[in-house]
Amino acid sequence: MRKLTLSGHGEGDEEMVERGTANTKMKEKNKVTSKSINRRLIDWRGVRGKGQGAGKSGSNSSSDQPVAMAVHLRLSAGRSKFEFQVKKNFANFSPKWAAVRCSDSAPSRRRYTITLLPGDGIGPEIVSVAKNVLELAGSIEGIEFGFKEMPIGGAALDVAGVPLPEETLSVAKESDAVLLGAIGGYKWDNNEKQLKPETGLLQLRAGLKVFANLRPATVLPQLVDASTLKKEVAEGVDLMVVRELTGGIYFGRPRGFTTNDNGEKTGFNTEVYSSSEVDRIARVGFETARKRHGKLCSVDKANVLEASMLWRERVTEISSEYPDVELTHMYVDNAAMQLLRYPKQFDTIVTNNIFGDILSDEASMITGSIGMLPSASLGESGPGLFEPIHGSAPDIAGQDKANPLATVLSVAMLLRYGLGEGKAAERIETAVLETLNKGFRTGDIYSAGNKLVGCKEMGEQVLKAVDSRVQC
Ligand SMILES: NC(=O)C1=CN([C@@H]2O[C@H](COP(=O)(O)OP(=O)(O)OC[C@H]3O[C@@H](n4cnc5c(N)ncnc54)[C@H](O)[C@@H]3O)[C@@H](O)[C@H]2O)C=CC1
Ligand SMILES: CC(C)CC(=O)C(=O)O
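Residues numbered from 1 in each chain as written. Chains lettered and ligands numbered in written order. Predicted model: local features only at pLDDT ≥ 70, side-chain atom pairs only at ≥ 80, totals over all residues. Heavy atoms only, no water.

1. With respect to the overall build of the protein chain
Here is step 1: What the protein chain contains, in helices and strands, is 14 helices and 14 strands.
Here is step 2: For the protein chain, the residues scored as buried account for 58% of the 472 residues in total.
Here is step 3: Contacts in the protein chain between residues at least 24 apart in sequence constitute 78% of all its contacts with a sequence separation of at least 6.
Here is step 4: Split by element, the accessible area of the protein chain, about 18,500 Å² in all, is 51% carbon and sulfur. (Helix = DSSP H or I, 4+ residues; strand = E, 2+ residues; numbered from the N terminus. Buried < 20%, exposed > 50% of the residue type's maximum accessible area, 1.4 Å probe, protein only. Contact = heavy atoms within 4.5 Å. Areas by Shrake-Rupley, 256 points an atom, 1.4 Å probe, with all protein chains shown as cover.)

2. Describing the site of ligand 2
Here is step 1: Around ligand 2 sit Glu198, Leu201, Leu202, Arg205, Arg215, Arg243 and Asp357, and those are all the residues in its vicinity.
Here is step 2: One of the side-chain nitrogen or oxygen atoms of Arg205 is found 2.7 Å away from an oxygen atom of ligand 2.
Here is step 3: For ligand 2, an oxygen atom lies 3.4 Å from a polar atom in the side chain of Arg215.
Here is step 4: The protein chains hide 75% of the 290 Å² of surface that ligand 2 would expose on its own.
Here is step 5: In terms of residue class, the shell around ligand 2 is built from two nonpolar, no polar and five charged. (Near = heavy atom within 4 Å. Polar contact = N/O pair within 3.5 Å; in protein donor to acceptor, adjacent residues only side chain to side chain. Nonpolar A, V, L, I, M, F, W, Y, C, P; charged D, E, K, R; others polar.)

3. Some details on the packing of helix 3 (residues 123-140) against helix 12 (residues 405-418)
Here is step 1: Packing of helix 3 against helix 12 brings their axes to within 8 Å, and their N-to-C directions diverge by 45 degrees. By the angle between their axes, helix 3 is oblique relative to helix 12. Crossing geometry of helix 3 relative to helix 12 is assigned as right-handed. Contact residues: Ile126, Val127, Val129, Ala130, Val133 and Leu134 in helix 3; Thr407, Val408, Val411 and Leu415 in helix 12. (Axes fitted to C-alpha atoms, helices over the stretch in contact; angles between N-to-C directions. Parallel < 35°, antiparallel > 145°, perpendicular 65-115°, else oblique. Left-handed = near helix turned anticlockwise from the far one by under 90°.)

4. Section: the site of ligand 1
Here is step 1: The environment of ligand 1 is formed by 20 residues, the closest being Glu198, Gly391, Ala393, Asp395 and Asn403.
Here is step 2: Contacts to ligand 1 include Gly391, whose backbone N or O atom sits 2.7 Å from an oxygen atom.
Here is step 3: Here an oxygen atom of ligand 1 sits 2.8 Å away from a polar atom, N or O, in the main chain of Ala393.
Here is step 4: Protein chains bury 69% of the 800 Å² of accessible surface belonging to ligand 1 in isolation.

5. Topic: the sheet that holds strand 4 (residues 212-218)
By definition, the strands of a sheet pair up through backbone hydrogen bonds, in either a parallel or an antiparallel sense.
Here is step 1: The ten strands are arranged 2-1-3-12-11-4-5-10-8-9 in an open sheet whose pairing can be described as mixed. The open sheet has two edge strands, strand 2 (143-149) and strand 9 (326-331), and neither has a second partner. Shown here is a sheet whose adjacent strand axes are inclined to one another by a mean of 25 degrees, direction ignored.
Here is step 2: Note: strand 1 (residues 110-119) against strand 2, seven bridges, orientation parallel. Across the sheet, the residue bridging to Thr115 is Lys148, located in strand 2.
Here is step 3: Its contacts with the sheet place helix 6 (residues 197-208) against strand 1, strand 3 (177-182), strand 4, strand 5 (238-244) and strand 12 (384-386), and it is angled at close to 150 degrees to strand 12. (Pairing = 2+ DSSP bridges.)

Here it is as structure tokens:
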């Protein structure tokens, strides 16, 4: 199988590699064809879900806290593979009731090592909830987890002086999947660039080479009233933003501050994409659309930006490999407007790093709250990175007000895309729906007639729901 590279980032990439990873920069620019993508997709599919495949096993760290198990198998396998199968709308699942816990009679146990990166602000609160949900859903499905908690962001700056300690990255790389809370906070806002929490997250994404960021935005029937849009506009929205994650203006060089001819201080950045970077994310976009409703909208600013002109040219070229997918192009300013005007027109959106960041935050409000949206970041190989799309919410940190559901749903994505454990993922998604059906709401999604709860209570309710729906 061919390897994808992080080519085309310029010096920014070198910096990431030097500071954050032990890897050397890969110069090789392999062309990745749809054939090789398809082969990879076949490789990704289901390697872990059949009982014998399991994670890098046997690594019992001191922080491992496996749930009680009657059977403890140590299984070993290669790296995590991603099942690239996009669930359309988990709201439609109809769970089955059953009365008994079946973990102890499961045909085989799988064991995975998960790196937990709680980070800053509300990060530790939401990761704690999501970890418990992951452990319980896993135990019911015969999955055992070993957890390694590592510092990142401001928390890492405080203990290690850098936002991504080398050890954090190497532990993450060695694990089967990585769960991140969020990074950032007022305390570090005025730090120089290399000592910002945000730089640690960018280094992590680059270090794990997770170039494809999947951000689903689904309006759940239970939360239509929480949307800021009219019911008839929000109802039924189910879209997926495929965001390029390791290139573009967040990484491009040159960047920095200088002084212009008038003696004024100026700041500058570079939006840069190579053909191979666009091709590989375009193929992920087409593959995703193919498994959804067959519609892909590529969002760019090709009327102004050269990087977007190349983007549009390459996406159009790649579309010939996907005659079954309907491709449209849209300028980002129009896309921002159309998302509010008529969001149901979108099925799958593929776009660059910064547009994807902004449009997915916008899409989150259609669904009710940014506290509801999960994400999966995947690369060609190695562990995936799973995180809510929101930030560290310093305004509500430490107050038990955070909505943990985006992180809980990120854990479901971790199970499905990161480990190929679809049943456990479904169990969690179903439990979230059931909890919402019972009327439990954190402040961000609260509407009259529901029960206002904090982060911890919401977590407890999801755990109850996970536990109550046991199916063998
Ligand atoms: N992936 C990450 O770790 C990200 C980190 N950040 C960082 O987070 C910090 C705060 O950034 P903001 O722009 O304020 O974005 P934010 O997403 O942290 O917060 C925006 C608003 O949404 C609310 N919110 C966010 N998540 C919530 C949740 N789970 N439940 C309830 N309410 C929630 C916050 O209270 C706030 O009012 C900054 O340091 C920023 O750099 C921002 C975006 C992504
Ligand atoms: C480095 C991050 C803080 C950028 C961001 O907002 C995101 O990717 O969600």
